[in-house]
Structure formats: structure tokens, C-alpha cells
Amino acid sequence: MLHHERGIVAERSFAHAGKAIVEFAQWLSGLTDDPGQVAIAIEIPRGAVVETLVERGFHVYAINPKQLDRFRDRYSVGGAKDDRRDAFVLADSLRTDQPCFRRVELDDPQVIQLRELSRVDEDLQREGNQLANRLRDQLHRFYVQALQLCPAADEPWLWTLLELAPSSSVAQRLRPKRVERLLRAHRIRRLKADDVVSALRVPALQVAPGVVEAATEHIALLLPRLRLVHSQRQRCGARIEALLDELRAAGEEDDKPGEHSDVAILRSLPGVGRIVAATIIAEAGAALTERNYDALRAHAGIAPITKQSGKHRTVLMRYACNGRLRHALYHCARVAVMGDLPSKTYYTAQRQRGHTHGRALRAVADRLLRILVAMLTTRTLFDCTKARPPQLSSPSEKVA
């Protein structure tokens, strides 16, 4: 629907298909000589429609569906809703309330790849954990001796050991020399071959006939899948590392002498590793580029939600946020508390004030975000010798 000065200039519907999307873009292009003078409102800020329109020079604006629902009440308080009405509401609201919309811009191609790979890595990790849990459940049925060596059942050397000795009866004939070669191949130093063999030769559990055979066959089917997911995640991690290096090199070419790229600055922050860095760049790239601290903490769920009416005032945790970014900053704060003394001191102070573990870690993450924005602004790397002693948050800087 084309809207101008509250009048409908043109209206047409299209199917959501590749050819129809091209026809839609061509139809819009035929209605104007300058695509940059056309503003398009949409709910979902991604997908083929958005990318096609942005690439052709149109200005695309996205809005939160909840905000659109509030705008819909201007035209129908009864709750009526259909696609045609929503198109009109979007167009008219963009005309009158453009600050409520967010301009959609295409990301750097490397950032798009990094976002996809970081999400794939998360999916692979979840799938690997599920398969490892299934393996552990099967071992609990008849072969708990193996779980004494690796309780989580998520290490490749254990999978190879289970192929050599799939049951307690086979483990009775297992030679220490063979186990020693296995441990050496997987670089396992915390265990000795004799200890592994002794653990596996502990008398087996008494189970019903057929249980060992059934569980053994199940495990034989799980092991190749575990190895596949493990190898895919390794390749994904290597590719993420390569993309980060490429972004870092590209940023250093544009920087002035003595300044550092955003990737280098981010990775110098305590608690930031490969996955955390990739997730922050992929999920909050615009806020990082703008050095927008408030947007970062709100997008990550660190900024609280304050509800106040009269004498009643409540500060709540923010749940409407980017879950991946929240998860990444949680682990960033957790690792920083273990390795960075100021972060550990700040965490301890928060706990002494009666805050929970999660609340204290969010405060640490909030402090790290402030430091990160300051580092990005000055284009300097993190230096623990120059860091100020952590201060407790003031009432105006609460983190729920």
C-alpha cells in the first residue's frame, strides 16, 4: 500500500515468492523516480523482501509488533485485524511517528557470515549436549564404570574407548597397552592406562537378559553422530576465528597509527573469547558501531525495567531482549569474575549486598559494557593497570 499525506496513492497485493518479490520491487520503482524518497514500513526486519528493497535503494523501517498493536488501536479499538488494515496502519504510523521505527540497513557481508556461523555453533552445541545426554543415559543402564572416567560422556576419547570395550565383559580382555595408545592419541594426561582398565573391569551391574545387547546397539548408533557434530563444531569454530581475524585486519587497515580495530578492542576485554566476541559483533553490531551503551545494555537484557506509580516503585529484570546476546554476556561476566581481579571484587561486593548470583553477574556485565564503550570511543585496548577500582552502582544505574 502506497501512502502519501494520509491518502492511498496505490494499492496492490503480491504472493510471497521469489518472482513476486521482484515484481513488487519493480512496481514500487515504477511509482517513483528516486527510491531514496520512499519509506517502507515492515514488522520483520529481515528476509528476502527486506534485502531486496534495501539493495534497490528504498528506505526500510522496522517496528516492534507490540508497538504496531498500539498503533492499530488508533484505527480500530475493537481489535479488528487483517493484512490490509495492518498495511494502512504501518504506512500511516510511519508518516506520523517515524522516530518509533528503526531504519534497516544491510550489514557487512562478513558480519552476516559471522552471525550465521555463531548461531550454527550454538545449535551444534545444543545438539551435541543432547546426544551426550542420551549416551550417558544408556551407560547408566549397564556400564556405569565408564561414567567414572568421564561423567558427562562428552569427550571423544571416551567414544573411542567405548568402541574398543562396548561392555564390561569385553573390557575384561582389554590390554593396558592399547588403552595407553588411545590416551596418548587424544592427549589425555589426567588418567593412566592401568587406572582406566581397572575402572572398566569392576563387576558389571546385574540387568535383565537383552539389556546389554540393546543398549550396546543404541550406543553404536550414537557414537558416529556425536563425532559428526563434534567435527562440525570444530570446523565452525575455525571458520569463526578466521572471520574475526579478517574483520580485525580490515579494521586495522582503516585505523590511524596507535589505534586499534573494534574486534581487537573487544577481544582484549576480560571474559571475551571467540564465541562471545562473534556473538556480540553479530547480534549487536549496530550498537557497537554507534558506541551506544544504553542500546547495548537494553538489547542484552542488562538494563532493568522500572515500574513506578505514586509511591510504588518496582525494578524488574528485563526479559524482552536478545537471548543470544544475554547468554554471551553472562558467560563473559562469569569468566571475567574468575580471571579479572576488579571484576571479582565487584562481584563479591554485589553478593555482600544480598544480590543473587545472576543479579551480581549482570552487574559485572554492565560494568564491562561501560568499559568496552569507553575503549571503543578512545580506540584503545584493555589495560588492567589503568582500570579504575570498581564502584558500586548508584541508584540511577540499577541492574535488575
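Check the entry above for the structure.
Now for a description of the structure that goes with this document. What you see is a predicted model, and the numbers here were worked out from it, not measured in a lab. (Residues numbered from 1 in each chain as written. Predicted model: local features only at pLDDT ≥ 70, side-chain atom pairs only at ≥ 80, totals over all residues. Heavy atoms only, no water.)

Assigned secondary structure in the protein consists of 18 helices and seven strands. In terms of overall size, the protein is more extended than a compact globule, its C-alpha atoms giving a radius of gyration of 28 Å where 400 residues would be expected to give roughly 21 Å. C-alpha extents for the protein along the principal axes are approximately 85 × 55 × 55 Å. When contacts within the protein are restricted to residue pairs at least 6 apart in sequence, those whose partners lie at least 24 apart make up 63%. For the protein, the computed accessible surface area is about 22900 Å², with 51% contributed by carbon and sulfur atoms. Of note, the protein has its 61 positive side-chain charges centred 8 Å away from the centre of its 48 negative side-chain charges. (Helix = DSSP H or I, 4+ residues; strand = E, 2+ residues; numbered from the N terminus. Rg over C-alpha atoms; globule rule 2.2 N^0.38 Å. Contact = heavy atoms within 4.5 Å. Areas by Shrake-Rupley, 256 points an atom, 1.4 Å probe, with all protein chains shown as cover. Lys, Arg positive; Asp, Glu negative; His and termini not counted. Charge placed at Lys NZ, Arg CZ, Asp CG, Glu CD.)

Turning next to a positive patch on the surface. Side chains of Arg-175, Lys-177, Arg-178 and Arg-181 sit close together on the surface and give a patch of like positive charge. Tracing the backbone shows Arg-181 in helix H9 (residues 176-185). Of the residues examined, Arg-181 reaches a relative accessible area of 47% and is grouped as partly exposed. (Patch = residues over 30% accessible without salt bridge, like charges linked within 9 Å, V, L, I, M, F, W, Y side chains within 5 Å. Salt bridge = Lys/Arg side-chain N within 4 Å of Asp/Glu carboxyl O. Buried < 20%, exposed > 50% of the residue type's maximum accessible area, 1.4 Å probe, protein only.)

Two strands pair when backbone bridges link them, and strand S3 (residues 39-42) and strand S4 (residues 59-62) are joined in this way by four bridges, in the parallel orientation. Across the sheet, the residue bridging to Ile-42 is Ala-62, located in S4. Read from S3 through helix H2 (residues 48-55) to S4, the crossover connection turns out right-handed. (Pairing = 2+ DSSP bridges. Right-handed = clockwise from strand over helix to strand, strands pointing away.)

Read these as spatial facts, not as claims about activity.
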